[in-house]
There are 2 protein chains.
Amino acid sequence: MTNRFSIYFQLSAAGEHAAESLAEWICLEQSAELPADVLSAEYRNTFCGHLVRMKQISETVWETEISFPVLLAEKSVSQFLNVLFGNISIGDGIRITGIDWHKWPMFKGPKFGVQGVREALGVFGRPLSCTALKPVGLSAGQLGKRCFEFSKAGIDLIKDDHGLADQMTAPFSDRLKACQIAIKRAYEESGNKGRYFPNVTADGETLIRNFEAAAAAGCEGVLISPHLIGLDRLRELRNHKADLMIMAHPAFSGTLTGNEFHGLSHRFLYGELWRALGADFCIYPNTGGRFPYTPEICASINEGCRDEKLPFASSFPTPGGGIQASQVEEWIFKYGNDTVFLIGGSLYRSEEGVGAAAARFSGAVRGIQ
Amino acid sequence: MTNRFSIYFQLSAAGEHAAESLAEWICLEQSAELPADVLSAEYRNTFCGHLVRMKQISETVWETEISFPVLLAEKSVSQFLNVLFGNISIGDGIRITGIDWHKWPMFKGPKFGVQGVREALGVFGRPLSCTALKPVGLSAGQLGKRCFEFSKAGIDLIKDDHGLADQMTAPFSDRLKACQIAIKRAYEESGNKGRYFPNVTADGETLIRNFEAAAAAGCEGVLISPHLIGLDRLRELRNHKADLMIMAHPAFSGTLTGNEFHGLSHRFLYGELWRALGADFCIYPNTGGRFPYTPEICASINEGCRDEKLPFASSFPTPGGGIQASQVEEWIFKYGNDTVFLIGGSLYRSEEGVGAAAARFSGAVRGIQ
């Protein structure tokens, strides 16, 4: 018997017959890509999708489980993504909410995960604080100075803004050097040990060169925007022999979840799929910030990052934006301790100066008001 | 003065003030990612987006041109995609319709292009015919047999279905060998010289290994699904020293254009961007097939592939689906000679048998009814 895995959908259709037709179409489109009438029953039994169950959950939405043969997709992330949402991405009314992760040994989940990150950082029983070095256009020295201020102020994780890449104003290698020196000096002066996560996102082999340079410079983690360079690059870094934590950023991914009736659910993409591929930290835009995310969307991503039914370590949800130092206690109450709070623009806006604002924020995250 | 390039948007908003706010937000979000009030006028002048012009084109849509400094994005496709549509992909009401391609020497366009493909194939003054080997699950030998039938029937380009990757039922190397033998035999028996384009899409270095194996086996082109593995991989193959034609498939890309108010326009993504990255052939789902594409969408992609204002060679639009042999004349009239007509399922459905149906289709494309 064929080894099969299930994909869970929410299908939108005008009625039961239309919903069934859509499910049958998915069964064929994501396997044989041929009409049913040119395929033998035996072929369909072995190689095509099978409709396992459908349940109407609203006037126009059916929760639907379809199983596919693992062999269609098992050798690579690209084959997997193609069976998951290749041609049907061009359709409509098809939203993916989950899959059977336990059928997928190629997905190992985060190398550190929540527990591993806590052990590596020596931080327990509280959330983590994070901020972004910006803006692009500053020199490596200027960014290093900001890194020093943030680290001295007690911020746990200081990442590059995802827009800092290898611009001539602050080339990757110069920035890496300046920020690692800043981290060391801040520790010597204050006893606060911040970690600098450089943005290693780059085309082709440059990604790996940047990652290895980060490891050689003593970084303990990196930032990557997997949708700019291919989702499998995230897994590639996770499987690299250098043990660095990985923080994933959602740049260029927005349309994948942008329509509530078609795409990948937020929970599935930013929680489960990124976690499966190896993200220790999953950045998403927090509700109340600059992006149209509801409290329910944020809660669902947090759940996906932490769901214990998934067969790998959990990830830190990393909500960014919409967070002020004065509201941190409230956010901790809502999101729990296993969260990284990412604060950006509002630190720069503070009248008390960036360093003092960062100290207030990191203090709030540590529970020191 | 900063070297700038423009991005052209259609912004949807409830009124002029909201549209202007959205434009101002894009200027900052895609550069400094900081609020305006913490940035100096000099910084904004040098590094941020500048609103060049806005023009209302309907009650809720404004055509908008915003210029960004080239230096933010010039070193890699990932930096480019980030400035183009990184964070704002998570927004709403932002549709990209074009950019100033002549500012981008890193985009070289297709290596062959329409003229180069015609010279390589020795086919002039008519469209090209194309079909897909399928379904997944057949052995390499069975797929080779189909390749033989199609080639003997006079089909110009015989590509793998994009779902054929490296499944155990027909591993990539076995399939490559079987299909290249089939092409050779068909030529010896019939004088018809078909070209087999294997699907080289794969994670990491396997993509390059597959591409080089295809070149070594005497293939003249390959198929790639760039959205499954990262858009820059298309440019990487285009810049490879082996001169193979490249056919791009839209798997996993659907949501990028899926909402008429937010995303990349079909013309921009499947015409211009793929062409800029090096696609000689741009596959899209033809209107009247299994996907919700209108005649206007298809016409716009054709225009993007051929627009002479772009500073590189043109690509072949390659509409697939919704095409019957009996309607080919009509499609040629609509789409013109510089088109590749991709026929799939309907060949397999024909009562006269696959070989005879393929001969009728290839004959129709050659103008022999």
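Residues numbered from 1 in each chain as written. Chains lettered and ligands numbered in written order. Predicted model: local features only at pLDDT ≥ 70, side-chain atom pairs only at ≥ 80, totals over all residues. Heavy atoms only, no water.

Explain the packing of helix α5 (residues 140–152) of chain B against helix α6 (residues 172–190) of chain B to me, please; I cannot follow it from the model alone.
Two numbers describe a pair of packed helices, the interaxial angle and the distance between the axes. All names here are of chain B. At their nearest, the axes of α5 and α6 sit 8 Å apart, and the two run at 30° to each other. By the angle between their directions, the pair α5 and α6 is classed as roughly parallel. As for how α5 packs across α6, the hand of that crossing is right-handed. Residue-level inspection shows Ala140, Leu143, Gly144, Cys147, Phe148, Ser151 and Lys152 of α5 in contact with α6, the latter providing Asp174, Arg175, Ala178, Cys179, Ala182, Ile183, Arg185, Ala186, Glu189 and Ser190. Taken together, the residues of the contact of α5 with α6 sort by class into nine nonpolar, three polar and five charged. (Axes fitted to C-alpha atoms, helices over the stretch in contact; angles between N-to-C directions. Helix = DSSP H or I, 4+ residues; strand = E, 2+ residues; numbered from the N terminus. Parallel < 35°, antiparallel > 145°, perpendicular 65-115°, else oblique. Left-handed = near helix turned anticlockwise from the far one by under 90°. Contact = heavy atoms within 4.5 Å. Nonpolar A, V, L, I, M, F, W, Y, C, P; charged D, E, K, R; others polar.)

I would appreciate a short explanation of the pattern of salt bridges in the present structure.
Close approach of charged atoms lets side chains of opposite charge pair. Applying the stated criterion across every chain yields a total of 48 salt bridges over all chains. A salt bridge links A:Lys134 to B:Glu33, with the shortest nitrogen-to-oxygen separation between them at 3.7 Å. Taken together, the residues span two chains, with A:Lys134 in the loop between β5 (128–133) and α5 (140–152) and B:Glu33 in the loop between α1 (16–29) and α2 (41–47). There is no split in this pair, since A:Lys134 and B:Glu33 are both buried. One network of salt bridges, with partners in common, ties together A:Arg267, A:Glu272, A:Glu303, A:Asp307 and A:Lys309. (Salt bridge = Lys/Arg side-chain N within 4 Å of Asp/Glu carboxyl O. Buried < 20%, exposed > 50% of the residue type's maximum accessible area, 1.4 Å probe, protein only.)

What exactly am I supposed to notice about the relation of the copies chain B and chain A here?
Mapping between the two chain copies consists of a rotation about an axis together with a translation along that axis. The two copies are related by a screw motion: chain B maps onto chain A through a turn of 180° and a shift of 0.0 Å along the axis, at an RMSD of 0.0 Å. One copy is carried onto the other by what is essentially a two-fold rotation axis. Taking the C-alpha atom as reference, chain B places B:Gly230 closest to the rotation axis, 2.0 Å from it. Looking at chain B, 100% of its interface residues are interface residues in chain A too, so the copies touch through the same face. (Least-squares fit on C-alpha atoms with pLDDT ≥ 70 in both.)

Sorry, what's going on with the environment of B:Met54 here?
Within the element layout of this structure, B:Met54 appears in strand β2 (residues 50–56). Along the backbone, B:Met54 and B:Tyr8 are 46 residues apart, and their C-alpha atoms lie at a distance of 9.8 Å.

How do you make sense of the nonpolar core when you look at a structure like this?
Core analysis: the largest hydrophobic core is formed by 223 residues, its most contacted members being A:Phe80 and B:Phe80. The contact partners of A:Phe80, leaving out residues within four places of it in the chain, are A:Ala73, A:Ile99, A:Trp101, A:Trp104, A:Met106, A:Phe107 and A:Leu273. (Core = buried A, V, L, I, M, F, W, Y, C linked by side-chain atoms within 4.5 Å.)

Looking at this model, I keep getting lost on the interface of chain B and chain A. Mind explaining?
Interfaces are often sized by the accessible area lost when the parts come together. Between chain B and chain A, the contact holds 68 residues from the first and 68 residues from the second. Summing both sides of the interface, chain B and chain A together bury roughly 5900 Å²; the carbon and sulfur share of this comes to 61%. Looking only at chain B, the three residues that lose the most surface to chain A are B:Ile90, B:Phe252 and B:Thr255, adding up to 13% of its buried area. If you look at where chain B meets chain A, you find 12 salt bridges. Here B:Glu33 makes a salt bridge to A:Arg290, at a shortest N to O gap of 3.1 Å. Summed over the shared surface of chain B and chain A, the result is 39 residue pairs in polar contact (both at pLDDT 80 or more). Going through the elements one at a time, α1, α2, α3 (77–85), α8 (226–229), α9 (232–238) and α13 (345–349) of chain B are the ones with two or more residues in the side of chain B that touches chain A. Here the side of chain B that touches chain A takes six residues from α3(B), the largest share from any one element. For the side of chain B that touches chain A, the residue count by class is 31 nonpolar, 24 polar and 13 charged. (Buried area = accessible area lost by both parts, 1.4 Å probe. Polar contact = N/O pair within 3.5 Å; in protein donor to acceptor, adjacent residues only side chain to side chain.)

Mind showing me how you'd approach the sheet that holds strand β1 (residues 4–12) of chain A here?
Residue and element names in this part refer to chain A. Spatial ordering of the open sheet is given by β2-β3-β1-β4-β10, a layout of five strands whose pairing is mixed. The sheet is open, and its two edges are formed by β2 (50–56) and β10 (263–264), each paired on a single side. Two elements, β1 and strand β4 (residues 94–99), share five bridges in a ladder whose sense is antiparallel. Bridged to Phe9 within β4 is Ile96. (Pairing = 2+ DSSP bridges.)

Explanation requested: the packing of helix α10 (residues 266–277) of chain A against helix α11 (residues 295–306) of chain A in the structure shown.
Residues and elements named next belong to chain A. In contact at an axis separation of 8 Å, α10 and α11 are set at 25° when each is read in the N-to-C sense. Taken as axis vectors, α10 and α11 run roughly parallel relative to one another. Of the two possible hands of crossing, α10 and α11 adopt the one that is right-handed. Contact with α10, carried on its side by His266, Arg267, Tyr270, Gly271, Glu272 and Arg275, involves Ile297, Ser300, Ile301, Glu303, Gly304, Cys305 and Arg306 of α11 and no other residues of that element. The residue makeup of the contact of α10 with α11, split by class, is four nonpolar, four polar and five charged.

Explanation requested: the side chain of B:Ser300 in the structure shown.
All names here are of chain B. Mapped onto the secondary structure, Ser300 falls in helix α11 (residues 295–306). Judged by relative accessible area, which is 19%, Ser300 ranks as buried. Apart from the residues within four sequence positions on either side, Ser300 is in contact with His266 and Arg267.

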